[in-house]
Amino acid sequence: MNSEDLIKSTDPNHPANLICSLCHQFYYNNWCTGTGGGISIKHPISNNLYIAPSGVQKEKMKPEDLFVMDPTATKYLRQPQLYKPSACTPLFLSCYKNKKSGAIIHTHSQHAVMCSLIFKNEFRIANVEQIKAIPSDKVCPETGKPIALSYFDTLKIPIIENMAHEDQLLDDLEKTFQEYPHTVAVIVRRHGIFIWGPTIDKAKIYNEAIDYLMELAVKMYKLGIPPDCNIGEEKKYLNLSL
Ligand SMILES: [Zn+2]
């Protein structure tokens, strides 16, 4: 196949088109401004890896800007001359290999940065309806698929320290794969968050749900309510009871 054909499709769900529409959306959500953040999607049929380049304004991303790697991640099938590959590429490749991901999203969400300042080694939030969007460490015996967290569970996401360069995060990212084998996200202190899923649809849902939960946790913290407190305990922390 001609390398240009890899990025040409009229299907809005083709990775080349979907990466661009998601980059636009993430830019306007304030998750990927100033060229920050990144995204990669594995083509569900060819298994080729589509990766947004470094240094491109996310709201202007076009299919022609994308890098494409072969499924073994050993060589580029398409390399735009104008751009460098994303600095996140080694981290994305590790998520594909170690987490069997179908897509990875990296944002510079301010909610992730704020939570990394509030929490030490682990972001925690409990007893909030939205955590049901995130898988737990339990697997359904019939289907083998992960069971979602329940309303009464606590969502825990590891926090790693930031480094001068994105690829230097690789060792700490891979350490969290051992320590939190079921996590779908890692927060990077004062930087942002990496989120992955078996498909881009799942990764997008996890990203939106976790960002909502991180924003909520910051608001709870500002009121003096620990985001992982038990149901009813919040009254102890509030100065006024209504
Ligand atoms: Zn980044």
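Computed from a predicted structure; not experimentally measured.

Student: Account for the coordination of the zinc ion, naming residues and giving values.
Tutor: Coordination of the zinc ion by the protein is provided by His106 (NE2), His108 (NE2), Glu166 (OE) and His191 (NE2), with metal-donor distances spanning 2.1 Å. Taken together, the four donor atoms coordinating the zinc ion and their angles of 81 to 175° define a geometry best described as irregular. Counting gaps between the donor residues of the zinc ion yields the pattern H-x1-H-x57-E-x24-H. Of this pair, histidine 106 sits in strand S5 (residues 103-107) while glutamate 166 sits in the loop between strand S9 (154-160) and helix H4 (170-179), and the two are 60 residues apart along the sequence. The buried category is assigned to histidine 106, whose relative accessible area is 0%. With a relative accessible area of 18%, glutamate 166 lands in the buried category.

Student: Pulling in residues and values, what's your account of the packing of helix H2 (residues 89-98) against H4?
Tutor: Between H2 and H4, the least distance of the axes is 10 Å, while the angle of their chain directions is 20°. Overall, the two elements H2 and H4 adopt an arrangement that is roughly parallel. Note that H2 runs across H4; the crossing there is right-handed. In this structure, H2 uses Pro90, Leu91, Ser94, Cys95 and Asn98 to contact H4, whose residues at the interface are Leu170, Leu173, Glu174 and Phe177. The class makeup of the residues in the contact of H2 with H4 is six nonpolar, two polar and one charged.

Student: Explain the packing of aromatic side chains residue by residue, including any values.
Tutor: Each aromatic ring pair is described using two quantities: the centre-to-centre distance and the angle formed by the ring planes. Applying the stated criterion across every chain yields a total of seven aromatic pairs. An angle of 90° between the planes, with centres 4.9 Å apart, marks the rings of tyrosine 27 and tyrosine 28 as edge-to-face. Judged by its relative accessible area of 25%, tyrosine 27 falls in the partly exposed class.

Student: Explain the UniProt feature "domain: Class II aldolase/adducin N-terminal" (unreviewed entry) in the protein chain to me, using residue names and the numbers behind them.
Tutor: UniProt tags residues 17-218 as "domain: Class II aldolase/adducin N-terminal" (unreviewed entry). A distance of 34 Å separates the end C-alpha atoms of residues 17-218, which is 30% helix and 24% strand.

Student: Please provide a residue-by-residue account of helix H3 (residues 110-118), values included.
Tutor: Those residues of H3 lying buried are Ala112, Cys115 and Ser116. Down the axis of H3, the smallest arc covering the buried residues is 105°, so these residues share one side. Summarising the contacts, the buried residues of H3 are in contact with strand S6 (122-126), S9, strand S10 (185-188), strand S11 (192-197) and helix H5 (200-222). Regarding H3, its N-cap is serine 109, as a side-chain oxygen of that residue lies 3.1 Å from the backbone nitrogen of histidine 111 further along.

Procedures and definitions
Residues numbered from 1 in each chain as written. Predicted model: local features only at pLDDT ≥ 70, side-chain atom pairs only at ≥ 80, totals over all residues. Heavy atoms only, no water. Donors = N, O, S within 2.8 Å, 3.2 Å for Na, K, Ca; no water. Tetrahedral: all angles 85-135°; square planar, octahedral: opposite > 155°, others 65-115°. Helix = DSSP H or I, 4+ residues; strand = E, 2+ residues; numbered from the N terminus. Buried < 20%, exposed > 50% of the residue type's maximum accessible area, 1.4 Å probe, protein only. Axes fitted to C-alpha atoms, helices over the stretch in contact; angles between N-to-C directions. Parallel < 35°, antiparallel > 145°, perpendicular 65-115°, else oblique. Left-handed = near helix turned anticlockwise from the far one by under 90°. Contact = heavy atoms within 4.5 Å. Nonpolar A, V, L, I, M, F, W, Y, C, P; charged D, E, K, R; others polar. Phe/Tyr/Trp six-rings, centres within 6.5 Å; stacked < 30°, edge-to-face > 60°. UniProt positions renumbered as here; feature names shortened; annotations may be inferred. Arc of directions from axis to C-beta. Polar contact = N/O pair within 3.5 Å; in protein donor to acceptor, adjacent residues only side chain to side chain.

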